[in-house]
Structures are given as C-alpha cells and as structure tokens.
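Each chain, letter by letter, is given below.
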Amino acid sequence: NAPAAASPLYDEALARFERIQDGWGAGDSLLALGLIAGEGGQQPAARERLSRALAVFQKVGDIRGTLRVIEAAAHLAARDGRAERALTLAGAAAAARHTLATPLPRPQQERLEKTLDAARRGLAPQEAAAAWMHGWSLSADEAVALAFDE
C-alpha cells in the first residue's frame, strides 16, 4: 500500500532533518511515520513516533504541529475503540484551532470527521456530545497529557 511504501522515504527525510537540526521537518516526518504506523495497526510504534513528534513541535514552539499530533492521537484512540477519548482529543484540537483561527485543511478535516463519525456511533448521542465539549474545556497541556496517558 502507498502509505507503507512511503515509510522508508519519511525515515530518510527524518534522518536528514535531524542531521541539519530542522525541528519542523523532523516533527513533520515523525508525525507522518506515526500516522502510517497507526494506519498499519502498529499502535505502539505509532504512539512512540507521535510522542517524539510532539516533543519536537513543543521544543520549536509549533502549536499547529502540536495540534496535528493531538488530532493524530484522536485517530489512534478511535482505532483502539476509545471513542470518548477520540472525541475529547478532537474537541480539544478543534477548540484550539478555533481560538487560533487556524482551521484544519479540508482533506484532513474530512478524514478526521470520518474517524469521528465511527467513534460517535460507538456512544450514545449525549455521551458523544459530552466528550466533544469536554475537549473544548481542556487546556493545550491537558489535551497533550490525555493524548499520551495510557
């Protein structure tokens, strides 16, 4: 499949970005590798790469990158059958994007919505709404903690 075939290219890009100390490039490569691992059902590898991406984005002060990691963690949570966590994380990212006036690009928004629709079907409507609104009440630090709290 195409995403798995791209993994070696992202590994190479990551090595190059780390060599030249390009934090944004390294974070973006780690994020892509985390998404690829998650789509391939390799949840521990996905979490490890996303955690590393988060650390890089936070080090360089990239809030958009941090939000992308939180959204990726929402995808992973939904794949793990953790619907409430998925909706809470996505709600937290949506709230931050609203505050920063940085909407998620349409293709990523559509992909996230597809994932969240499946998560919503796993909960009663009021539970799904409560999880989403709980996300809107979280600080960025609380959302990050939730994303990687096992």
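Not measured: the values here are computed from a predicted model.

Conventions adopted
Residues numbered from 1 in each chain as written. Predicted model: local features only at pLDDT ≥ 70, side-chain atom pairs only at ≥ 80, totals over all residues. Heavy atoms only, no water. Core = buried A, V, L, I, M, F, W, Y, C linked by side-chain atoms within 4.5 Å. Buried < 20%, exposed > 50% of the residue type's maximum accessible area, 1.4 Å probe, protein only. Helix = DSSP H or I, 4+ residues; strand = E, 2+ residues; numbered from the N terminus. Contact = heavy atoms within 4.5 Å.

A. Representation of the nonpolar core within the structure. Residues Leu-31, Val-69, Ile-70 and Leu-87 are the most contacted members of the largest nonpolar core, which totals 37 residues. Elements with a minimum of two residues in this core: α2 (23-39), α3 (43-60), α4 (63-79), α5 (83-100), α6 (106-121), α7 (125-137) and α8 (140-148). Apart from residues lying up to four places away in sequence, Ile-70 is in contact with Leu-89, Ala-93, Ala-143 and Val-144.

B. Layout of unusual backbone geometry. Even without being a glycine, Gln-21 presents a positive backbone phi close to 60 degrees. Tracing the backbone shows Gln-21 in the loop between α1 (2-19) and α2. On the accessibility criterion, Gln-21 (73% relative accessible area) is exposed. Unusually for a residue other than glycine, Ala-101 sits at a positive phi of about 55 degrees. Inspection of the secondary structure puts Ala-101 in the loop between α5 and α6. In this structure Ala-101 comes out as exposed when scored by relative accessible area, which is 63%.

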